[in-house]
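Now for the letters of each chain:
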Amino acid sequence: MILNIAVGGDWGGAEGVDDRAFPQTMEVDYVRVFSRAE
């Protein structure tokens, strides 16, 4: 499972990463995982 914070600001990657986007955090309270019946 990958939980991602995509960083790049509002430049769209054309000029690198916008340093104003830092620092960022992601707090996950709950993850629900389903599986297929086989």
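In this report, we go over the structure that sits alongside the text. (Residues numbered from 1 in each chain as written. Predicted model: local features only at pLDDT ≥ 70, side-chain atom pairs only at ≥ 80, totals over all residues. Heavy atoms only, no water.)

1. Description of the overall build of the chain
Per the secondary structure count, the chain includes zero helices and zero strands. Within the span of the chain, comprising 38 residues, buried residues form 8% of the whole. Accessible area of the chain: about 4100 Å², with a carbon and sulfur share of 49%. (Helix = DSSP H or I, 4+ residues; strand = E, 2+ residues; numbered from the N terminus. Buried < 20%, exposed > 50% of the residue type's maximum accessible area, 1.4 Å probe, protein only. Areas by Shrake-Rupley, 256 points an atom, 1.4 Å probe, with all protein chains shown as cover.)

2. A few points about a nonpolar patch on the surface
On the surface, a cluster of nonpolar side chains totalling about 600 Å² of accessible area is made up of Met1, Leu3, Met26, Val28, Val31 and Val33. Here Met26 falls in the partly exposed class, since its relative accessible area comes to 42%. (Patch = residues over 30% accessible without salt bridge, like charges linked within 9 Å, V, L, I, M, F, W, Y side chains within 5 Å. Salt bridge = Lys/Arg side-chain N within 4 Å of Asp/Glu carboxyl O.)

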